[in-house]
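# Fold and contact review
If you want the building blocks of each chain, they are given just below.
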Amino acid sequence: MRPYFFFSYARRDHLAGGAFVDQFFTDLRDELARIEPEAGPGELAYRDTERLRIGDDWERQLSRMLGASRTMVALYSPAYFASPYCGKEWTAFDRRTRRHEEQTGESVPALIPVLWEPPPEDLPAEVRRIQYLQHDFGAEYATGGLRHLLRTDPQGTAYRKVVRVIAERIREAATWRVAELRDLDLGQVEGCFPVEEVAPVAVRSSLVRLFVAARRAGDPPAPVGGAGAVNGDRFPAQRSEANGGPGGAGGPDGPYQGGWYGPHPRDWAPYHPPRLPSLAVQAQQVITRAGHSTSLETVGPDLADALDRARENNEVSVLLVDPWAAGAEPFRQALRDFDRQNHPVTAVLLPDSTDDPPAGPARARLWEGVREVFARTWLHRSGPEPLFRIHIRRERFERELLSTVTVAQNRLLDQLDDDPVAARAQFGLGPDPRPMPGLTIPAWPPVPPGPPVSPGPPVPRPGSAPGAGAGSGAGAGTGAAPGPRGTLREETVPLTNRAPSEGEADR
């Protein structure tokens, strides 16, 4: 049997979102069955979880099926490129296609990548030579991957198109009949990854929602701080690949003012010189490498509702805000509404280039406009572990982003007291440490032993209410009353009843 496609995916991706992986595999197999009706059910696809049985030599069977399958569908993600065994599967099938080309002169696109989540930047050269993005799949697929489409609109047009195109690509490549590799032994294959920098990827068990508020190429100048336009024609009229970046050359004031912009806010590149990917995509890559999944959206009128829903789902959020866009519509009102409300697990980051603009009246007006929009949040920018951070330089962006995500998740955990074990497990953490036992301290200073005396009525402690001694109701007072002279009573003060410190009260 020669299956139409071998399904190659990372086990960690299945652990983090098995329902999504399962749905894509099923949808792809069903679509292939629709366009290739003569193929039998067992001939359409091979996936280890469906075919392996107790007692099977799993590596031998995987080797045999990978060597026989007509194509291979690979789910690209940070976890995929951190998996040594995915590296073996990818490398082995790539060698099959190369050997076929050497023997027949036919170059067959039988290794079919699917962008599951944004992959790491430093992919092996063998991987980079195979195109894994397709323009007509849309920007959401390019920036968030297929998992994002499944989360946001599992039966939407964009997702269904990807499934249909991949199925058609499988059918097309399968007609070339790439030669089988009967003696393939995956145990002997040295994969071209894992990528060393991302090898220690943790199981992604939480979602970080990213929201972007940034200008677009061709937008009119924005009034800042009520003082009129300070940006002039610094917004480029169109995208350009000049200087190796995604934005255009600036206006008459120089090659860089205000950032590089594209047709969508997620294309924003605030730093000079600009580099791909854009800031939003870079943020997704940083967060996924840290062990989480992400979604990417544009700030809109429903921002507050979206943040509330995220909080209800135990998800944290990050707003990436272009200082030049904060004081202009369509973002100004949504950001001001956000500022008036309480969103304790949402971070706000405002990147700032060294000359955006240079020090002077224009720069002062720009940031005064930002302060006006974030009037309430601005006051918390200097507190301990703030979630509102401004003037973020390129070299600090990744560190600041991960720091705020960690702070937001810790605050979320502090608020989830209904099931703390499950809450910590959601973020890949172990159970909360056990509460410390109460501190045992003497109630009275030690007294030298004396002659025994008959017990008398309880003596109240200094400052205690009358009648609050040992006989006033089994521990009803603040502490135990002293016993007879010559004995030492102990008082237990539970740590859980202590008053919160000033910093903890703010959480």
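Figured I'd write up the structure that's included with this text. (Residues numbered from 1 in each chain as written. Predicted model: local features only at pLDDT ≥ 70, side-chain atom pairs only at ≥ 80, totals over all residues. Heavy atoms only, no water.)

If you look at the biggest cluster of nonpolar residues, it comprises 52 residues, and the most contacted ones within it are Val 318, Val 321, Leu 335, Phe 374, Phe 397 and Leu 401. Ranked by residues supplied to this core, first place goes to helix α15 (residues 397-415) with 6 residues. Phe 374 has contacts with Val 321, Leu 335, Phe 338, Asp 339, Val 348 and Phe 388, leaving out every residue within four places of it along the chain. Of all hydrophobic cores here, the second largest spans 33 residues; its members include Tyr 9, Leu 28, Ala 39 and Leu 75. (Core = buried A, V, L, I, M, F, W, Y, C linked by side-chain atoms within 4.5 Å. Buried < 20%, exposed > 50% of the residue type's maximum accessible area, 1.4 Å probe, protein only. Helix = DSSP H or I, 4+ residues; strand = E, 2+ residues; numbered from the N terminus. Contact = heavy atoms within 4.5 Å.)

Read from one edge of the open sheet, 5 strands run β6-β5-β7-β8-β9, paired in parallel fashion. Whereas interior strands pair on both sides, the edge strands pair on one side only; in this sheet they are β6 (293-298) and β9 (388-392). Averaged over all pairs of adjacent strands, the angle between their axes in this sheet comes to 20°, without regard to strand direction. Pairing between strand β5 (residues 207-213) and strand β7 (residues 316-321): 6 bridges, direction parallel. (Pairing = 2+ DSSP bridges. Axes fitted to C-alpha atoms, helices over the stretch in contact; angles between N-to-C directions.)

We now examine the pattern of salt bridges. Applying the stated criterion to the full structure yields 20 salt bridges. A salt bridge links Arg 151 to Glu 315, with the nearest nitrogen and oxygen atoms 3.4 Å apart. Pair noted here: Arg 151 is in helix α8 (residues 139-152) and Glu 315 is in the loop between α11 (303-312) and β7, with a separation of 164 residues, a long-range link. Residue classification places Glu 315 among the buried positions, given a relative accessible area of 8%. Through salt bridges that share partners, Arg 2, Glu 180 and Arg 182 make up one connected network. (Salt bridge = Lys/Arg side-chain N within 4 Å of Asp/Glu carboxyl O.)

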